[in-house]
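# Structural features, examined
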Amino acid sequence: MKIAKIIVLVFGVLLSINPAVAQVPTRDPHTPGYVVATELPDGSNPSPNANGNFIIGPTHNPAPEMTVQANVPQGTIYTITMESKDSKIYSGIARESNTFGTADPTDPAKLVVTTSHPAPYTRHIEVYVPKQYVPGTAAPFIIGTDGPDRDLFTVLNNLIAENKVPVMIAISVGNGSGDAQGSERGLEYDTMSGLYAEFIEKEVLPLAESQCHVKLTTDPAGRATMGGSSGGSCALIMAWYHPELYHRVLTYSGTYINQQWPYDPKTPHGAWEFHEHLIPESQVKPIRIWMEVGDKDLYNPNIMRDNMHDWVLANENMAKVLAAKGYTYQFIFARNARHVDHQVKSQTLPEALEWLWKDYNPAKTTK
């Protein structure tokens, strides 16, 4: 399912729960308590050599690399289909239509879902192999958690030709359907554990290698993850719980909020724990992270009333704790932008990818 359709479904659920969510406030990046950020000229991006916090917009024109260029070598795109019955890790669940859950009366941060049940799914995956790939060599790669992403493949064609990113493979993995607590997508993306990364490692990557005739590096410096919304928090979850597998993360409107289900007492606030406890209280991990949030991004006080469903605040908090711990990161606050805003992605994705791979040394990726 395309992420735009998922967002529409999410808002349908949220509106049925709390009509006030329709009135998403427009946030000012200079709000007291937010990170100090450099405001850039309208229409520009930060340099791929720069770290820290930046404000862009309100105009978001697509970067030239978002357009197919006739004189640029075009990679090959392979399609893979996976059925839930063939997975040993994710057998499939779904939440009944038009249902959500109820807040635990003893803990407003805990959602009780009683309408989730086993359900099959079909997962669609696309694998991009650049024209410059040399068969038999171990290639760096990026995992996209939001399903087939032709924009990503177009950008990679152009950036590889410009020598701005390594000759890399992209694997765009569809989710198992639904959204949020009680759904297969929610289980995969919002669970604070290494399970999804292990699913990719054990079940997706071997298929990509065998069906697309490629070899993927095992060097974590040559492996990246990316995604938007819960796909974004999932991208960080993959690297956080398995830094031996992934060192690079790119997220749009990351769902660094309280959306984990089933409840886990080790991380009772879900991905909100990243900026609340996990990053501040852990040793620095070898993760390089690019993040974006929009000024009209999601704010959903819903039935939980836990004060942990503000996407803008969550991403601002992420930038704070990453800076305090000394992480290498670039954070974009986009004016005139909504949740996983496609225009913002079209403006920033080439620069984001170039920044993400800036310190990559291909000579080290020989495994």
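Preceding block: the structure.
Remember, it's a predicted structure, so these values are computed and weren't measured experimentally.

### A short note on the overall build of the protein
Broken down by element type, the protein carries eight helices and 16 strands. The C-alpha atoms of the protein give 19 Å as radius of gyration, which agrees with the globular expectation for 367 residues (21 Å, within 12%). A sequence separation of at least 24 residues applies to 79% of the contacts in the protein between residues at least 6 apart. Summing over all exposed atoms, the protein offers an accessible surface of approximately 14700 Å²; the carbon and sulfur share of this is 55%. Mean positive and mean negative side-chain charge positions of the protein (29 and 38 charges, respectively) differ by 4 Å.

### A few points about the side chain of Arg223
You can see Arg223 is positioned in strand S13 (residues 223-228). Judged by its relative accessible area of 3%, Arg223 falls in the buried class. At a separation of 2.8 Å, a polar atom in the side chain of Arg223 contacts the main-chain carbonyl oxygen of Thr217. When neighbours within four sequence positions are excluded, Arg223 is seen to be in contact with Phe141, Glu201, Leu205, Thr217, Thr218, Leu245, Tyr246, His247, Arg248 and Trp357.

### Points about the pattern of salt bridges
A full pass over the atoms with the stated rule returns 15 salt bridges. A salt bridge links Lys110 to Asp104, with the shortest nitrogen-to-oxygen separation between them at 3.9 Å. By relative accessible area, Asp104 is classed as buried at 14%. The residue Lys345 makes a salt bridge to Asp149 at a minimum N-O spacing of 2.9 Å. In this pair, Lys345 is assigned in helix H8 (residues 342-356) and Asp149 in the loop between strand S10 (141-144) and helix H2 (150-161), connecting sequence segments 196 residues apart. A single salt-bridge network, built from bridges that share partners, covers Glu65, Glu162 and Lys164.

### Section: helix H5 (residues 230-241)
With 12 residues, H5 should cover 16 Å at 1.5 Å per step; its first-to-last C-alpha distance of 16 Å lies within 8% of that length. The buried fraction of H5 amounts to 11 of the 12 residues, a majority that puts the element mostly inside the structure. Ser230, Gly231, Gly232, Ser233, Cys234, Ala235, Leu236, Ile237, Met238, Ala239 and Trp240 are the residues of H5 that are buried.

### Here we look at the pairing of S10
Residues of S10 alternate between two faces, with Phe141 and Ile143 on one and Ile142 and Gly144 on the opposite face, all of them buried. Bridge analysis of S10 against strand S11 (residues 169-173) gives four bridges, and the strand direction is parallel. Note that in S11 the partner of Ile143 across the bridge is Ile171. Handedness of the S10-H2-S11 crossover: right-handed. Two elements, S10 and S13, share four bridges in a ladder whose sense is parallel. Note on S13: the bridge partner recorded for Ile142 is Ala224.

### With respect to the packing of H5 against helix H6 (residues 273-281)
Across the interface, H5 lies against H6 with an axial gap of 13 Å and an inter-helix angle of 15°. Here H5 is positioned roughly parallel relative to H6, judged by the angle of their axes. Once H5 is placed against H6, the crossing between them reads as left-handed. Facing Leu236, Ile237, Trp240 and Tyr241 of H5, the residues of H6 in contact are Phe274, Leu278 and Ile279. Of the residues belonging to the contact of H5 with H6, the class tally is seven nonpolar, no polar and no charged.

### Here's the deal with unusual backbone geometry
Following Gly57, the chain continues to Pro58 via a peptide bond in cis, the omega torsion being 15°. Looking at the secondary structure, you find Pro58 in the loop between strand S2 (52-56) and strand S3 (76-83). With an omega of 0°, the peptide bond running from Trp261 to Pro262 counts as cis. By the secondary structure assignment, Pro262 is in the loop between strand S14 (248-252) and H6. Although it is not a glycine, Ser177 adopts a positive phi angle of roughly 90°. Relative to the elements of secondary structure, Ser177 occurs in the loop between S11 and helix H3 (184-190). Its identity is not glycine, yet Arg305 carries a phi of approximately 50°, on the positive side.

### Considering H8
Of all the bends found along H8, the most pronounced is centred on Thr348 and spans about 50°, while Pro350, a proline, follows it within four residues. With 13 of 15 residues buried, H8 is to be regarded as a mostly interior element. Capping of H8 at its N-terminal end is provided by Asp341; its side-chain oxygen lies 3.0 Å from the backbone amide nitrogen of Gln343.

### Thoughts on the side chain of Asn317
Within the secondary structure layout, Asn317 lies in helix H7 (residues 311-325). Leaving out residues up to four positions away in the same chain, Asn317 has contacts with Trp272 and His275.

Scoring rules and cut-offs
- Think of each chain on its own: its residues are numbered from 1, step by step along the sequence as written.
- Confidence filtering applies because this is a predicted model: local features only for residues at pLDDT of at least 70, side-chain atom pairs given and counted only at 80 or more, and all residues used for totals across whole chains, interfaces and linings.
- No hydrogens and no water enter the side-chain calculation; it runs on all heavy atoms of the structure.
- Under the DSSP-based scheme used, a helix requires at least four consecutive residues in state H or I and a strand at least two consecutive residues in state E, with every element numbered from the N terminus.
- In this description the radius of gyration comes from C-alpha coordinates, and the expected globular size is given by 2.2 Å times residues to the power 0.38.
- The criterion used for residue contact is that any of the two residues' heavy atoms lie within 4.5 Å.
- Here, Shrake-Rupley sampling with a 1.4 Å probe gives the accessible areas, and only protein chains in the shown set may cover a residue.
- A positive count includes Lys and Arg, and a negative count includes Asp and Glu. His and the chain ends are not counted in either.
- By convention, the point assigned to a charge is CZ for Arg, NZ for Lys, CD for Glu and CG for Asp.
- For every residue, the accessible area obtained with a 1.4 Å probe (protein chains only) is divided by the maximum for its type, and the residue is called buried under 20%, exposed over 50%, and partly exposed between those limits.
- Definition of a polar contact: a pair of N or O atoms within 3.5 Å, with one able to donate and the other able to accept a hydrogen when the atoms are protein atoms, and with sequence-neighbouring residues admitted only if both atoms are side-chain atoms.
- The working definition used for a salt bridge is a side-chain nitrogen of Lys or Arg within 4 Å of a carboxyl oxygen of Asp or Glu.
- Here the expected span of a helix is defined as 1.5 Å times the quantity of residues minus one.
- By the convention used here, strands pair only if DSSP detects at least 2 bridges between them.
- Every crossover in which the path from the first strand over the helix to the second runs clockwise, viewed with the strands pointing away from the viewer, is termed right-handed.
- Each axis is a line fitted through C-alpha atoms, taken for helices only over the stretch in contact, and angles between the N-to-C directions span 0 to 180 degrees.
- Note that the term roughly parallel is reserved for angles under 35 degrees, roughly antiparallel for angles over 145, roughly perpendicular for angles of 65 to 115, and oblique for everything else.
- By convention, the crossing between two helices is left-handed when the near helix turns anticlockwise from the far helix through less than a right angle, and right-handed when the turn is clockwise.
- Classes in brief: Ala, Val, Leu, Ile, Met, Phe, Trp, Tyr, Cys and Pro nonpolar; Asp, Glu, Lys and Arg charged; the others, Gly included, polar.
- For a residue, the bend is simply the angle between two axes, fitted respectively to the seven-residue segment ending there and the seven-residue segment starting there.

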